[in-house]
Amino acid sequence: MAQKARRLLRKVPGLYTFRPIDGRSDLPRGRRVVAATAAAALVIGGAVVLANPGIVRQHVTLTAGGEIVLKGHGNGHGRGMGQYGALGYAKKGWSAAQIVSHFYGGTTPGNASNQTVTVTLTGQHSASVYSTAPMKVGPVTTAPGQAVSINGNTATITSGCGGGGGQTVAAHEVSPVNPAPNLPVDQLLKFCGSNAPYRGSIGTADGKVVNTVQIDDYVRGVVPKESIPAWADQGGAAALQAQAIVARSYALASVRLNKPVDDTQNSQVYGGAAGEDPRTNAAVQETAGQILLKGGQPAFTEFSSSTGGYTDGRDFPAVVDDGDTISPFHNWTATIPASAVASAFGLGSLTSMTVTQANGLGPENGRAIQVTLVGSGQTVQAKADDVRTKLGLKSNWFAVEGQTTKPQIVAPPAGVGAANPMTDLTQSIPGLGSLSGGSDPISSIMQTALSAIGGKYTDLGGVTGALGEAIGPLISLLQGQAAMQQYKNGNIYYSPATGAQALTGVSLQSFIAQGAQAVLGLPTRDSLGTPAGAQVPDQPLIAPFQNGTLSIDPATGASTRAG
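Things to note about helix α7 (residues 338-345)
Step number 1: In terms of residue burial, α7 counts as a mostly covered element, since 6 of its 8 residues are buried.
Step number 2: Just beyond α7, the residue with positive phi is G346, at close to 65°.

A closer look at the pattern of salt bridges
Working definition: two side chains of opposite charge can pair if their charged atoms are close together.
Step number 1: Per the stated rule, a full pass over the model turns up 10 salt bridges.
Step number 2: A salt bridge links R248 to D216; the nearest nitrogen and oxygen atoms lie 2.5 Å apart. In this pair, R248 is assigned in helix α5 (residues 237-256) and D216 in helix α4 (residues 215-226), connecting sequence segments 32 residues apart.
Step number 3: A salt bridge links D312 to R314, with the nearest nitrogen and oxygen atoms 3.1 Å apart.

Description of the environment of S254
Step number 1: One can find S254 in helix α5.
Step number 2: Look at S254 and you get buried, because its relative accessible area is 1%.
Step number 3: On a C-alpha basis, the gap between S254 and F300 in space is 7.0 Å, while along the polypeptide they are 46 residues apart.
Step number 4: Those residues in contact with S254, other than ones at most four positions away along the chain, are K259, V261 and F300.

Let's talk about the sheet that holds strand β11 (residues 154-158)
Step number 1: The sheet built from 6 strands is open, its strands ordered β12-β11-β10-β7-β14-β15 with antiparallel pairing. Each edge of the open sheet is held by one strand with a lone partner, namely β12 (165-170) and β15 (197-198).
Step number 2: One ladder, built from 2 bridges, connects strand β14 (residues 189-191) with β15; its direction is antiparallel. By the bridge assignment, L189 is partnered in β15 with Y198.

Conventions and cut-offs
- Every chain begins its residue count from 1, and numbering advances along the sequence as written.
- With pLDDT at 70 or above as the cut-off, local features in this predicted model cover only qualifying residues; side-chain atom pairs require 80 or more to be listed or tallied, and sums for whole chains, interfaces and linings still use all residues.
- Only hydrogens and water are removed before side-chain values are computed, so all heavy atoms of the structure are retained for them.
- Burial classification: accessible surface area is computed with a 1.4 Å probe over protein chains only, and a residue below 20% of its type maximum counts as buried, one above 50% as exposed, and the rest as partly exposed.
- Secondary structure elements follow DSSP: runs of H or I no shorter than four residues count as helices, runs of E no shorter than two count as strands, and numbering proceeds from the N terminus.
- Definition used for salt bridges: Asp or Glu carboxyl oxygen within 4 Å of a side-chain nitrogen of Lys or Arg.
- By the convention used here, residues are in contact when the closest approach between their heavy atoms is within 4.5 Å.
- Any two strands with at least two DSSP-identified bridges between them are counted as paired.

Following this line, the structure appears as structure tokens:
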């Protein structure tokens, strides 16, 4: 049984920064044994799980051949940019700047033209290279056609790969004589044997072969491996440009965080100069040096193949990804043998599988957060990411078909952002983000929002008050008819109809959990909810919105809506 389960539960890229654009096939499909009855029960291979939370018929065992059917969305972890979403938005006419500002709320543009990155080349086992152009190794300039082998801090120069000569030099790397980026291919270093060309220098570090390369040259080797060059021919050039910006930022953030950079999915797939494509090189050139900053440092811009229609909201605000509708992974179904689920979690025989927490954003209650698995041997509370890994699912956005109990809704850690990005952000006001000028109605509303939100922020104590410091730019909401400014401890929302109103603590959490402005509209008065660790009042907190009122338990954050 365990051996069969291991064959079924294949590891799927996408949990950390793994993001296969093309995805993979679902697990083996078979007979569906799921039904919803009038008694609101979930039938799984003969086991009955009542819809009432926490009530499970533990004595009922599974019949042979039972299966779990999961309905899901997306491919990959869903954090940051969805590549298919970027393509969808590019086809709608969005620029690369609009795409990245949408997916990475709270970031600002930056430049890193002169920086380098050192990449471990996992497929190379010896640093032996040659070039048809002169090379620089220590104080020596080689002749065209000579080869250099690096072993620790010693370089050996020969007449060619495998040739004679044998001059040794104290050096741990070899590089082209011309250090400029974007050199012609005939000036690059090539590995002996494979003839694989690489930009920058080749050397060794900690017993591994490494390639130290200027950041744009590195991105030239990443974008065609991580994205699809042909998208440029399908109206998706801006998606490739966005990928270049994100790849630069991710690499430099990895260096800052001391995260090892190699040429695999553990970092970003990098193929050197051999994998370059003129279409992706053009995207790199169009965005030369551009990165995203968060807190003044390169942002850790994770990305994945397909968000399924809503980003994860873990490190950047969760946003709707309407571009993802073109993704082949926008919707999917997986049918998994109950025995494989039981084996993966050590349950004995599986009795029930229930999504008990989700983020509430999108169909099927949004991304799963926690799953309860009940078996004859034990009950396991598992993180949805772990379920995804062990069951080989495309993403952590899934629901158990037939489950009638609604999971607890837990707002994403980074909150919920806007549906549309603001661009060309040039004007700023202390305590706020930035905004461009203009004479159209939307620009007029946003200019008024700057003033109104700034006044509210001052009234609430500014940076030392309830909201804390501002995070990121002013964000457009509701097709430009409203605006939101994020702060460390809450948000201020503005529209001409409601004025500027602040939400913090459990009030903001409940607003997001109930669907935010798309469902409730905007707040019509301030609701400064109880922050974590503060004394909890006895009475419910009442938070009014344009489309209803929330009654919030200040202790738990649970809310009910009226109106």
